[in-house]
Amino acid sequence: EPEVTQTPSHQVTQMGQEVILRCVPISNHLYFYWYRQILGQKVEFLVSFYNNEISEKSEIFDDQFSVERPDGSNFTLKIRSTKLEDSAMYFCASSTQGTVYEQYFGPGTRLTVT
Amino acid sequence: AQSVTQLDSHVSVSEGTPVLLRCNYSSSYSPSLFWYVQHPNKGLQLLLKYTSAATLVKGINGFEAEFKKSETSFHLTKPSAHMSDAAEYFCVVTISGSARQLTFGSGTQLTVLP
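All of these numbers come straight from a predicted model, not from anything done at the bench. Counting restarts for each chain: residues are numbered from 1 in the order of the written sequence. Think of it this way: whatever chain is written first is A, whatever ligand is written first is 1, and the rest follow in order. Totals for whole chains, interfaces and linings use every residue, but because this is a predicted model, local features are given only for residues with pLDDT of at least 70 and side-chain atom pairs only at 80 or more, for both listing and counting. The basis for every side-chain value is the complete set of heavy atoms in the structure, and neither hydrogens nor water enter the calculation.

S.K.: Can you explain the nonpolar core? Please cite residues and give values.
M.R.: Core analysis: the biggest nonpolar cluster contains 26 residues, and Trp35, Leu48, Phe74, Leu76 and Tyr89 of chain B have the highest contact counts within it. Think of it this way: any DSSP run of H or I at least four residues long counts as a helix, any run of E at least two long counts as a strand, and we number them from the N terminus. Ranked by residues supplied to this core, first place goes to strand E10 (residues 87-94) of chain B with four residues. Setting aside residues no more than four positions away along its own chain, Leu48 of chain B makes contact with Leu33, Phe34, Trp35, Val57, Lys58, Gly59, Phe63, Glu64, Ala65, Phe74 and Leu76 of chain B. Here the nonpolar core consists of buried residues drawn from Ala, Val, Leu, Ile, Met, Phe, Trp, Tyr and Cys, with membership extended through side-chain atoms lying within 4.5 Å. Burial classes: relative accessible area under 20% of the type maximum marks a residue as buried, over 50% as exposed, and values in between as partly exposed (1.4 Å probe, protein chains only). One finds Val19, Val47, Phe65 and Ile79 of chain A within the second-largest nonpolar core, a separate group that totals 22 residues. Here, two residues are considered to be in contact whenever any of their heavy atoms come within 4.5 Å of each other.

The structure is reproduced here in structure tokens:
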């Protein structure tokens, strides 16, 4: 069964550094998403992406965040200058146009900012 | 705004006994509701969804949920728990004005005792 994959599974970085989290969505999916879960808190929506542009973003998704689909298969989340409070599990998800709302999630990347 | 409340952070059941995971929602409009499950080190997997069709929704692995508008509830049930059901379960609702942004509950950790 097709899956969403994410790399790395765990990323440790120093405050102020840039990180790129990578996701490979399911191949025929057209909508892509990033969510995050800070330890002990709810899963929160960050951004959705369709047709090579952001379709929605939350208040969390400020100027330090960006997303890109660089090569037609990968979907990336970049955090320009990491802060301690960016430490979280980041989930990528994708969905087809035909199955609205049914988002398929990857296993997540645990980001630790020290 | 829409929100979802999972009434129990932890539920323990014995193998072979029924499972009940409770969820209440708040919505200004007719919501779409979902249950997702997360096993350790795995992505979030869709168990079932309600999108204004039948109020009793059947999902994978013997789970089902009933949408009760009068009680604003969407509780998840299973007649007989299996050890493999041990996981974290999330009740999820679509946010008002957005067909794709998911709003998560805080999760319920299900433990199945032998």
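S.K.: Now, about the interface of chain B and chain A: what can you tell me, with residues and values included?
M.R.: With 22 residues of chain B at the interface, the matching set in chain A holds 19 residues. Note on chain B versus chain A: buried area summed over both sides is about 1800 Å², and carbon and sulfur give 55% of it. Taken as a group, Leu44, Arg100 and Phe104 of chain B account for 37% of the area that chain B buries against chain A, more than any other trio of residues on that side. We count a salt bridge whenever a side-chain nitrogen from Lys or Arg sits within 4 Å of a carboxyl oxygen from Asp or Glu. Applying the counting criterion to the chain B and chain A interface returns one salt bridge. Between Glu102 of chain A and Lys49 of chain B there is a salt bridge whose closest N-O contact spans 2.8 Å. Those elements giving two or more residues to the side of chain B that touches chain A turn out to be strand E5 (33-38), strand E6 (44-50), E10 and strand E11 (102-104) of chain B. In terms of residue class, the side of chain B that touches chain A is built from nine nonpolar, 10 polar and three charged. The term buried area denotes the loss of accessible surface (1.4 Å probe radius) that occurs when two parts are joined, taken as the sum for both partners. Under this grouping Gly is polar, as are all residues other than the nonpolar Ala, Val, Leu, Ile, Met, Phe, Trp, Tyr, Cys and Pro and the charged Asp, Glu, Lys and Arg.

S.K.: Which residues make up the sheet that holds strand E7 (residues 65-68) of chain A, and what are the values?
M.R.: Residues and elements named next belong to chain A. In this description, strands pair whenever DSSP reports at least two bridges between them. Pairing is antiparallel across the open sheet formed by four strands, whose spatial order is E1-E3-E8-E7. Both outer strands of the open sheet, strand E1 (5-7) and E7, are each paired with one neighbouring strand and no more. Averaged over neighbouring strand pairs, the angle between their axes works out to 20° when direction is ignored. Sheet topology places strand E3 (residues 19-24) next to strand E8 (residues 75-79); five bridges connect them, and they run antiparallel. Residue pairing for E8: Arg22 is matched across the bridge by Thr76. Fitted lines through C-alpha atoms give the axes, limited to the stretch in contact for helices. The angle between two N-to-C directions lies from 0 to 180 degrees.

S.K.: Quick one: what's the story with the pattern of salt bridges, residue by residue and with numbers?
M.R.: Pairing is possible between side chains that carry opposite charge, provided their charged atoms lie close to one another. Residue and element names in this part refer to chain B. One pass over the structure, following the stated rule, counts five salt bridges over all chains. Close ionic contact of Arg22 with Asp8 constitutes a salt bridge, the shortest N to O distance being 3.0 Å. Taken together, the residues span a long stretch of sequence, with Arg22 in the loop between strand E3 (19-21) and strand E4 (23-26) and Asp8 in the loop between strand E1 (3-6) and strand E2 (10-14) at a distance of 14 residues. Taking the relative accessible area as the measure of exposure, Arg22 reaches 32% and is therefore partly exposed.

S.K.: Requested: an account of the state of the cysteines, with residues and values cited.
M.R.: Cysteine sulfurs are considered disulfide-paired once they come within 2.5 Å of each other. A complete count under the given rule lists two disulfides over all chains for this structure. One disulfide in the model links Cys23 of chain A with Cys92 of chain A; its S-S distance is 1.9 Å. Of note, the bridge from Cys23 of chain A to Cys92 of chain A carries an S-S torsion of about -65° and is left-handed in sense. One end of the pair, Cys23 of chain A, is in strand E3; the other, Cys92 of chain A, is in strand E9 (residues 88-95), with 69 residues separating them in the sequence. Cys92 of chain A sits in the buried class, given a relative accessible area of 0%. Each sulfur in the disulfide pair Cys23 of chain B and Cys91 of chain B lies 2.0 Å from the other. Measuring the twist about the S-S bond at about -70°, one finds the Cys23 of chain B-Cys91 of chain B disulfide to be left-handed. Separated by 68 residues along the polypeptide, Cys23 of chain B in strand E4 and Cys91 of chain B in strand E10 bring together distant segments of the chain.

S.K.: Describe unusual backbone geometry, and please don't skip the residues or the numbers.
M.R.: Most of the time, phi is negative for any residue but glycine, and the peptide bond is trans. Following Thr7 of chain A, the chain continues to Pro8 of chain A via a peptide bond in cis, the omega torsion being -10°. Positive phi values are uncommon outside glycine, yet Asn61 of chain B reaches one of about 60°. With respect to the helices and strands, Asn61 of chain B occurs in the loop between strand E7 (56-58) and strand E8 (64-68).

S.K.: If you had to explain the packing of aromatic side chains to someone new, which residues and values would you point to?
M.R.: Two aromatic rings from Phe, Tyr or Trp, using only the six-membered ring of Trp, form a pair when their centres are within 6.5 Å; if the ring planes differ by under 30 degrees the pair is stacked, by over 60 it is edge-to-face, and anything between is tilted. Throughout the structure, instances matching the rule amount to 17 aromatic pairs over all chains. An angle of 25° between the planes, with centres 5.6 Å apart, marks the rings of Phe61 of chain A and Phe65 of chain A as stacked. Given the relative accessible area of 4%, Phe65 of chain A is considered buried. Ring centres of Tyr50 of chain B and Phe74 of chain B lie 6.3 Å apart, and the angle between their planes is 50°; this geometry places the pair in the tilted category. You can see Tyr50 of chain B sitting in strand E6 and its partner Phe74 of chain B sitting in strand E9 (residues 73-78), a full 24 residues away along the chain. Grouping residues by exposure puts Tyr50 of chain B and Phe74 of chain B together as buried. One aromatic cluster is present, formed by Tyr33, Tyr35, Phe45 and Phe105 of chain A together with Tyr36, Phe90 and Phe104 of chain B through successive ring pairs.

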